[in-house]
Number of protein chains: 2
Amino acid sequence: MKMDRWRASARRILKLSSRPDRAPRSAPDRGNPARYGSLHCSGRSCRGTQFYFGHQQPLSVHLREREFASGASFIQSRWFGSMATKIQRNPKFATINSDDIRYFTDLLGDKNVIQDEDALLAANMDWMRKYKGSSKLLLLPRSTEEVSQILKYCNSRCLAVVPQGGNTGLVGGSVPVFDEVIVNLGSMNKVLSFDEVSGILVSEAGCILESLVNFLDSKGFIMPLDLGAKGSCQIGGNVSTNAGGLRLLRYGSLHANVLGLEAVLANGDVLDMLGTLRKDNTGYDLKHLFIGSEGSLGIVTKVSILTPPKLSSVNVAFLACTDYLSCQKLLLEARRKLGEVLSAFEFLDEQAMDLALNHLEGVRNPLPALHKFYVLIETTGSDERSDREKLEAFLVHSMEEGLISDGVVAQDIQQASSVWNIREGIPEALMKAGAVYKYDLSIPVEKIYDIVEEMRNKLGHSARVVGYGHLGDGNLHLNISCPQYDDAVLAQIEPFVYEWTSKHRGSISAEHGLGLMKADKIFYSKSPAAVQLMASVKNLLDPNHILNPYKQLQELIEHNLMVKSNAIVGKWSSSPCRYQSEHWLSSLGDVIQHLISAI
Amino acid sequence: MKMDRWRASARRILKLSSRPDRAPRSAPDRGNPARYGSLHCSGRSCRGTQFYFGHQQPLSVHLREREFASGASFIQSRWFGSMATKIQRNPKFATINSDDIRYFTDLLGDKNVIQDEDALLAANMDWMRKYKGSSKLLLLPRSTEEVSQILKYCNSRCLAVVPQGGNTGLVGGSVPVFDEVIVNLGSMNKVLSFDEVSGILVSEAGCILESLVNFLDSKGFIMPLDLGAKGSCQIGGNVSTNAGGLRLLRYGSLHANVLGLEAVLANGDVLDMLGTLRKDNTGYDLKHLFIGSEGSLGIVTKVSILTPPKLSSVNVAFLACTDYLSCQKLLLEARRKLGEVLSAFEFLDEQAMDLALNHLEGVRNPLPALHKFYVLIETTGSDERSDREKLEAFLVHSMEEGLISDGVVAQDIQQASSVWNIREGIPEALMKAGAVYKYDLSIPVEKIYDIVEEMRNKLGHSARVVGYGHLGDGNLHLNISCPQYDDAVLAQIEPFVYEWTSKHRGSISAEHGLGLMKADKIFYSKSPAAVQLMASVKNLLDPNHILNPYKQLQELIEHNLMVKSNAIVGKWSSSPCRYQSEHWLSSLGDVIQHLISAI
């Protein structure tokens, strides 16, 4: 019976003429207070010239006008006022004085030196209103040279700096903790070149991802990354946080696609690594140090990136599975049968679906009944008929094998969009449902759902545990939803969730970085020897530690907070399955001695 | 008329049931004196256990038995005896004494400490017989712990070390220059794990690439890289040199596919970065420092790599173009029309074809006439019929557009193999034709053939200039063939070829690294600020510079050879198009001061 319905549905598969717009997107770009208003593009036609993604109004005006969207009023605030009692402001950093302001005003002009409290409010706070700094100064450089002069000056004065892009992160990485100077790259938003033969795009770091998407669309290309926050996030921020997103399964991470970078070091030196070549084996590939280092080693000012051609045929299927093992088997089958056209393999559990149905406007279940698990599969290819046939054959086979119990295939772009809206709307639904503890974990695929179930058993009725994410990449978004924030609940979640992830060789931050939220938790995912080397690299590139402080290892040392990591290291080294390394440290003394010797 | 023939041919396209074997492969694995004899695989069935790619005989016996293949007698020797007069042995390095031998024998056992001169000969020399060292000691560790103990001891004694894999490189990176201790990883050849859901393979660094290919084949997966040298090269060497090869167009570089590494630092510390996750944003991604650093920062001992599923349908077309512009347009068209199934886009010019036809046994022109340019296109997909139709539609359209003047599509695996043999046989044909100057360049696609023509104009009748390579990756293999080596010819080629490449924003080493051959040429492709940072990183990880000396920047400094790079820097900074960086150094004094301050 179901099979008949399925097959009837499969026969009606329609190709979509282009990738669904998916608008309105879910958080973080829905209701995102950091959004800089609508930007428009001009001048897209000629190659080798500069294309400006300019603001209709000066950025400073936009900043002053930024108000929290009314939709954000439902979001429970959880400012980390308490964090400031745990992490003290580092007294070695200078505070801004009138001479500093004069210097920056001379360098950048009045309108690019923001001191107005209202305008600073949005830049001081993340979009979730979870982290809030107290910076008195926001700088808006317009060129690499200006960024260089800013950092050179700040380094000489020992003024701490927070590099900021679209401010769409989840871990507080792009907002100040105390009074750091905010350097926002939003005014550096030019496309510098695009090569239509090779698909290589060179742009300034402040280009909004969506502006680049629109620019490339007119050329027949796409960005190799796509995020919910694309309307606000900047490519420089994407690179600095190694943003993952929805296309990673198909095109790989930014380590795979970024061909070159220009970055300004803490002392103002400009490091030109802005190659535009797919292959270049001359010396160490230093650009990778800056991809994912969250602005702690330098400020990325220009990006060269390989963009794939836009493919015309997109199909979306929304499927139901009775258990997690079936989701896994379906993934393996999709890799084999859909191979080169598979472009997304997302999953959500019944709790996630329930939240989406209850809290998102206009969202309905495309299937007639509720199920334990749902999988969203997208294919993208160059030939409509053959892609459709491939998907249909795959679906019929999977149904026959009992891997899927029901499913629908989007018949047009609206249906595809509404299916994507379920998956992408979950973060917003969670925010509307109450307080939420969010964890972004990489876990070997076969273990992914174990942590959700263990957490559910542990918390009982005190919270709702929700699992969804990029299953094709082994990336779980584990969310724990409660009526309100409760330290007793948090104590049941942490450090359990980190310990569990570490024990199963996972990563405690798959795609969102460490930021402030996980600044003291790196040892759950990295060996002490690796962290020691990271500290040495930080010391080499930013010896005064002015770049994005309080979010990096050396701050832990400076503030004698190693006791936390010691507890972690103890667990880490006692975990027998953790690669059996004999070289990791086992005591607090060892850790501190090694780390201090590296600094 | 041609069109009819073409279409008749296109209609007869047959799918190939699997990727053509392409055996016998061209150099470097044909007639490669570094080949360790045939290795066999055992134990492939269970997951989570160890699979051994063991030697039938102990490696030391193989090494003693290694003789130059008779086929190598046609290769003109060009040992760099003169190099030793340019680069002096660094007197700070100790020489091996009997205590050292005793230490290594106690550690590794007699049979893994090779001092026999005959056995050492092969390890002292590269397969082209171009570079020859005089090492008295070859060590064959069997575990990470043994590598660690070796390096710890060498570092404490200041004994220089050359890490060696399959010794198949082209730039002398894996052979000693003087009496460095050779550490060959060939005995560390176990597969440690394979996850069939995610396709993640973890192996020791000494696994031969072809052994891994065979192992994965039985699981329905492939390696994301494929090289002519796959029968000899080791995965650790591939990673250390960031080997490119034939699948880069489709799957990206090793920066895209290596998920984790274990490496031993110069002081013996083991750096565990052996993650098996697609996404992990916790701290700096240090593994990228070791990918492509040619063994100068540490010895890679284990590799975790993402492997794609094996796709069943492979098609190969061999096409003729009348000019280079048509090759470029064809590439753009192939990206758009073949999109997700395009797996190779190689090109060769008429000179390359002529060499292949005249010097390779059993090679014939698959087209009835000679042409200016030839393009080899390979597609790989999951559906035979649709792939075939896509290729056919693409070929017919390209013919109608006048981009291709003739072409054939392989009808079976033998035809596909014979077409690949033309492309892959060119290096061997060049070696047979006489002396050859080889350059491995990355150049923006639209400029690639300009350097071939300029070089041809420059050299006139004194040499034959041959152009071929991975056009889809912007990678030209420029070869200059002469009856014999002639310094007058070399003086016409260098530094012109490097200057030209630098001027056009290319790379002087696309996929083969710097090694000894280009140890003093990094400034042609990298900015002084970047080189300075590389030197600092080297100093941080290997302060005594024991790892792979004479091939890295610090050796230039130690031997006061900066005058060469000064000349280069002068040209570099005066090149107006080179990214307009204001921060690059412009004088010898600046360069030396900056570089020395970094060391």
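Only a predicted model underlies this, so the values are computations on that prediction, with no experimental measurement involved.

Conventions adopted
- Residues numbered from 1 in each chain as written.
- Chains lettered and ligands numbered in written order.
- Predicted model: local features only at pLDDT ≥ 70, side-chain atom pairs only at ≥ 80, totals over all residues.
- Heavy atoms only, no water.
- Helix = DSSP H or I, 4+ residues; strand = E, 2+ residues; numbered from the N terminus.
- Contact = heavy atoms within 4.5 Å.
- Buried < 20%, exposed > 50% of the residue type's maximum accessible area, 1.4 Å probe, protein only.
- Pairing = 2+ DSSP bridges.
- Axes fitted to C-alpha atoms, helices over the stretch in contact; angles between N-to-C directions.
- Domains from an automatic or database assignment.
- Buried area = accessible area lost by both parts, 1.4 Å probe.
- Salt bridge = Lys/Arg side-chain N within 4 Å of Asp/Glu carboxyl O.

**Examining the environment of A:C482**
Residue and element names in this part refer to chain A.
- Within the secondary structure, C482 sits in strand β17 (residues 475-482).
- Sequence-wise, C482 and A435 are 47 residues apart; in three dimensions their C-alpha atoms are separated by 5.2 Å.
- In contact with C482, other than residues within four places in its own chain, are A433, G434, A435, Y437, S462, A463 and V489.

**Overview of the pairing of strand β13 (residues 373-381) of chain B**
Residue and element names in this part refer to chain B.
- Across the 9 residues of β13, 9 count as buried, placing the element largely inside the fold.
- Here β13 shows no split at all, with F373, V375, I377, T379 and G381 on one side and Y374, L376, E378 and T380 on the other all buried.
- Bridge count between strand β11 (residues 313-321) and β13: 9 bridges; the pairing is antiparallel. Bridge pairing links F318 to L376 in β13.
- For strand β12 (residues 342-349) and β13, the ladder comprises 7 bridges, and the chain directions are antiparallel. Note on β13: the bridge partner recorded for F345 is I377.

**Concerning the sheet that holds strand β16 (residues 464-470) of chain A**
Residues and elements named next belong to chain A.
- If you walk across this open sheet you meet the 7 strands as β14-β11-β13-β12-β16-β17-β15, and the pairing is antiparallel. Whereas interior strands pair on both sides, the edge strands pair on one side only; in this sheet they are β14 (406-409) and β15 (435-442). On average, each strand axis in the sheet is tilted by 15° relative to the strand beside it, whichever way the strands run.
- Strands in contact with helix α13 (residues 350-359) are β11 (313-321), β12 (342-349), β13 (373-381) and β16; relative to β16, the strand with the most contacts, it is inclined by about 95°.

**Here's the deal with the domain arrangement of chain A**
Residue and element names in this part refer to chain A.
- Here chain A is described as being made up of domain 1 (2-18 + 312-426), domain 2 (64-184), domain 3 (191-306), domain 4 (434-524) and domain 5 (532-598).
- Counting from both sides, the interface comprises 12 residues of domain 2 and, opposite them, 16 residues of domain 4.
- Across the interface of domain 2 and domain 4, roughly 1100 Å² is buried in total on both sides, 69% from carbon and sulfur atoms.
- Where domain 2 packs against domain 4, one counts 0 salt bridges.

**Description of the sheet that holds strand β3 (residues 138-139) of chain B**
Residue and element names in this part refer to chain B.
- Reading across from one edge, β2-β3-β5-β4 is the order of the 4 strands in this open sheet, with mixed pairing throughout. Of all the strands in the sheet, just β2 (113-114) and β4 (161-164) have a single pairing partner and so form its edges.
- Two strands pair when backbone bridges link them, and β3 and strand β5 (residues 181-184) are joined in this way by 2 bridges, in the parallel orientation. Considered in β5, the bridge of L139 is made with V183.

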